[in-house]
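Examining the three-dimensional arrangement
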Amino acid sequence: MMPNLGSKKKDNLSRMDRYTEDLPKLSNEMQLSIMNKVKNGELSIEDALNLARKDRDQLLKQQNLAEEEHQPSQYNFSVHKHSHYRWQKRVLQVDFKTKMLCSIEKGIINRQLPFSIVKSCDDGVGSRFSISFKGHHDYELEATSLEDKHKIMQLVNQIIYGNIYRDPEEGNAETHQQPQATQSLREGVLLLHRGGLASFRWVKYEVQLHPGQLTLFPFRCRGPADDEVASSVPVSIVIHLSDGDTSVQKPPSPDAFTLITHKNEYQFKVPVSDQTSAQGAVQRERDAWIHAIDKLCAEWKRKSKDKHTFIETKILQNLSIAEDAEDTNRDLESSGGFSGGTIIYPPVPESLKHESGSSVVKGPSPPSIPAAPPLPFKPRTNLRKIHTKAFHWDLVGSEKIAKSFWIQESGGRIEIDTSRLYEQFAVRDLGTFGAAEQSNTQHIMLNQKIAHNFNIFLKSFPVQPGELKDKLFIVNEEDGGLSDEHITSLRRYVPTVDDVEMYKSHQGPVTELHIVDQYMMEMCNIPYLSTQLDLLLSLRELPIGMNDLQPLINQKIRMCMQLYNCRSFVSVLEYLLAIGNYLNENAGKEKAKGFRLSSLTKLAQLRGRDRKFTLLHALVEQIMLHEPCLATFTEELAEFETVPGASIKGLTAEVDVLKNELQKVIQYRKTSKKRNAGAHHPNFSKDLKTAIEKFNTDLAALTKTCEEMKKLYSVILVKFGEPANQDSQDLFGLICQFVLDFKRAHAETI
């Protein structure tokens, strides 16, 4: 008997309803189309689901492509880069078009690192973080705001995801959307030991383990009243396992384990729940996490040792752009203080004898005291300990002492005026802040290493705790505001949300606290402290940045104008083309119609019978024989006789960063108006408005000049047949070298 088609359709529809939740999220039209096919008996439930998934994947790909068109391919951020115990200002450029991570200083691209060697990205205290690479030292960085830090880490994580989960069929696709990660290997809820400068607590996260990383999502978002605090909390935490440096350890506690990465240690604990309340269930859950993570860590460590994995290091060896001297010392560069959330600075000894192991300053010998009878002696208790500024010298190695003048040991013959030294280099007592000199045994709530560095800073900080809040609302230093150095240093000690909770819960007089904790307590009571410090730093750096960039942009304009108008340089290139074609024709090669300017670097490599005579000498000789006046083309390219320095790409990135910083200042002013932040500081509101108006005018002029520079350079590229993406730092650099080489060869020829 034939089955009832109507009942079959109804059965299919009822089954379809049960599978509705399994259907991927599609448009209404697509869902109706699939439902109708099921209704008509054209598709089974399984086929419908497979078709829906296929359509969903296609839809997601289209959405990603659409979003890609509206997203910038290049991101520029103002950061401070740690090197030689100093934080130096840089622009960090993430360029998805060239797939390069660039470090830019005043328009000069110091380093271009390919995306393929980016290994991991680790969080640090406050706005600090680090990026690790294959075959290259780490970058220890500090963003200008927490928002910038989170955005940079998000972009770097996308790069790392692309390295791990890249689709072989797509190859080197231009998209910079986060690739679709493989299905998670393990999921669950874990507690993570989080801490600020002084506070620690266990925070609950939903955790997903993927082949390349461990991703932690906040279990529930706290609802702070302070929107600044809300912006300081990242959406998720990503711990990379793919860098080959991660490992997992099992502490004695049955519910805990520790994940150790290149920079950080993450302490996890399995929470007690309905699923783990049975005896031994917590430990089994913990062991399951350890086993799964350890297996992945071992696999990535094995891969990282494979020589084929590090083939990208060859790219670094062939980079033509040398990094500046600050990056040559790997040990110093990697000491930025990300271990355990602490800040590491060079040690500051209490006296000079701690620096060298023996006393350097020798005062007059004490008077001799007869052995018997002993003179009565009562120690003086009112002597104050002498504090002077430390001198951070670099010690001569012991192996070099014997060959240096230090072997003479002349220190004993030198007399110094210690009172004069103290007068010039004394550091006032902590008692200046209204607190007695604290003993070394006094308890400090702040992290010990951070407290040590903060204490050093406070000794030279001429602001008492109660004065700090008002100082934050003075725009200009000459009006009594904080100095640039003070602002930069204070930003590194801004208390976290948990720190604020801990300090505000303190019971007892504030005056009994150590001066470090007194300052932290005061900072905890200042609303929007981080935002205010970021604002002041932007207000100080904006005019400096514009003043630094203007002459560099003007120089590039002059270089473009000279190169464009120098007809004699074109004639020299024509001579070179004729010479090259003659040689090639007689070598059995075809004639060329033109050549890239990068060919100019090869002239000195082609030598004649006389090994000292090169193709460059031949060019000079031909010009002197036929048109000697052309030899003076170097005078028309006077700007190219010096190091070309900044690149147009780098300068454009610098201007872009200035625009972003100014927008932050403008946005701050709008927000502060809503909450009447400047109501008690009328001068602050007035000065801020004046500063913004001036910055707007100056930046508009700078932007116009920058656009003129870019337009002129594009004309140059067209004129000389160079690719549109040719960087001026390379192009102008080789022209500069050619000018110098031509002048030298000309001098040798005549």
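Reading the values: the criteria
- Residues numbered from 1 in each chain as written.
- Predicted model: local features only at pLDDT ≥ 70, side-chain atom pairs only at ≥ 80, totals over all residues.
- Heavy atoms only, no water.
- Helix = DSSP H or I, 4+ residues; strand = E, 2+ residues; numbered from the N terminus.
- Buried < 20%, exposed > 50% of the residue type's maximum accessible area, 1.4 Å probe, protein only.
- Contact = heavy atoms within 4.5 Å.
- Areas by Shrake-Rupley, 256 points an atom, 1.4 Å probe, with all protein chains shown as cover.
- Axes fitted to C-alpha atoms, helices over the stretch in contact; angles between N-to-C directions.
- Parallel < 35°, antiparallel > 145°, perpendicular 65-115°, else oblique.
- Left-handed = near helix turned anticlockwise from the far one by under 90°.
- Nonpolar A, V, L, I, M, F, W, Y, C, P; charged D, E, K, R; others polar.
- Polar contact = N/O pair within 3.5 Å; in protein donor to acceptor, adjacent residues only side chain to side chain.
- Pairing = 2+ DSSP bridges.
- Patch = residues over 30% accessible without salt bridge, like charges linked within 9 Å, V, L, I, M, F, W, Y side chains within 5 Å.
- Salt bridge = Lys/Arg side-chain N within 4 Å of Asp/Glu carboxyl O.
- Lys, Arg positive; Asp, Glu negative; His and termini not counted.
- Charge placed at Lys NZ, Arg CZ, Asp CG, Glu CD.

1. Considering the overall build of the chain
The number of helices and strands found in the chain is 23 helices and 14 strands. Going through the 750 residues of the chain one by one, you find that 42% of them count as buried. Summarising the internal contacts of the chain: among those between residues at least 6 apart in sequence, 70% fall at separations of at least 24. Entry remark: accessible area of the chain is about 42,400 Å², with carbon and sulfur atoms responsible for 52%.

2. Regarding the packing of helix 22 (residues 682-719) against helix 23 (residues 728-749)
Packing of helix 22 against helix 23 leaves a shortest axis separation of 12 Å and a crossing angle of 60°. One finds that helix 22 runs oblique with respect to helix 23. You can see that helix 22 and helix 23 cross each other, and the crossing is left-handed. Across from Tyr713, Ile716 and Leu717 in helix 22, the residues of helix 23 making contact are Ser728, Leu731 and Phe732. Counted by class, the contact of helix 22 with helix 23 contains five nonpolar, one polar and no charged residues.

3. Here's the deal with the environment of Asp656
Of note, Asp656 is situated in helix 21 (residues 648-674). Each C-alpha atom, one on Asp656 and one on Asn76, is 6.9 Å from the other, the two residues being 580 residues apart in sequence. Only 3.0 Å separates the side chain of Asp656 from the side chain of Asn76, close enough to count as a polar contact.

4. Quick notes on the sheet that holds strand 12 (residues 247-249)
In space, the seven strands of this open sheet follow the order 11-10-9-8-14-13-12, with antiparallel pairing throughout. Sheet topology places strand 11 (237-240) and strand 12 at the edges, where each strand pairs with a single neighbour. The average angle at which neighbouring strand axes cross in this sheet is 35°, direction not considered. In this structure, strand 9 (residues 200-209) lies alongside strand 10 (residues 213-218), joined through five bridges in antiparallel fashion. In the strand pairing of strand 10, Glu206 is matched with Phe217.

5. Here's the deal with a negative patch on the surface
Taken together, the side chains of Glu477, Glu478, Asp479 and Glu485 define an acidic patch exposed on the protein surface. Looking at where Asp479 falls in the secondary structure, it is placed in the loop between helix 13 (468-471) and helix 14 (484-491). Asp479 sits in the partly exposed class, given a relative accessible area of 48%.

6. Re the side chain of Thr215
Take Thr215: it is sitting in strand 10. Residue class for Thr215 comes out buried when judged on its relative accessible area of 7%. Beyond its immediate chain neighbours, meaning those up to four positions away, Thr215 contacts Tyr161, Glu206, Val207, Gln208, His210, Ser236, Ile237 and Val238.

7. Description of the environment of Asn683
Mapped onto the secondary structure, Asn683 falls in helix 22. Residues Asn683 and Ile474 lie 209 residues apart in sequence; the distance between their C-alpha atoms is 7.8 Å.

8. Considering the sheet that holds strand 6 (residues 128-133)
Judged by pairing direction, the sheet is antiparallel, and its seven strands sit side by side in the order 4-3-2-1-7-6-5 without closing on themselves. Each end of this open sheet is capped by a strand with a single partner; those strands are strand 4 (108-114) and strand 5 (118-123). When the angles between neighbouring strand axes are averaged without regard to direction, this sheet yields 35°. Direction of pairing for strand 2 (residues 86-95) relative to strand 3 (residues 100-105): antiparallel, over a ladder of five bridges. The partner of Asp95 across the bridge, within strand 3, is Met100. Packing against the sheet, helix 4 (residues 146-165) makes contact with strand 1 (74-83), strand 2, strand 3, strand 5, strand 6 and strand 7 (136-143), and its axis sits at approximately 150° to strand 5.

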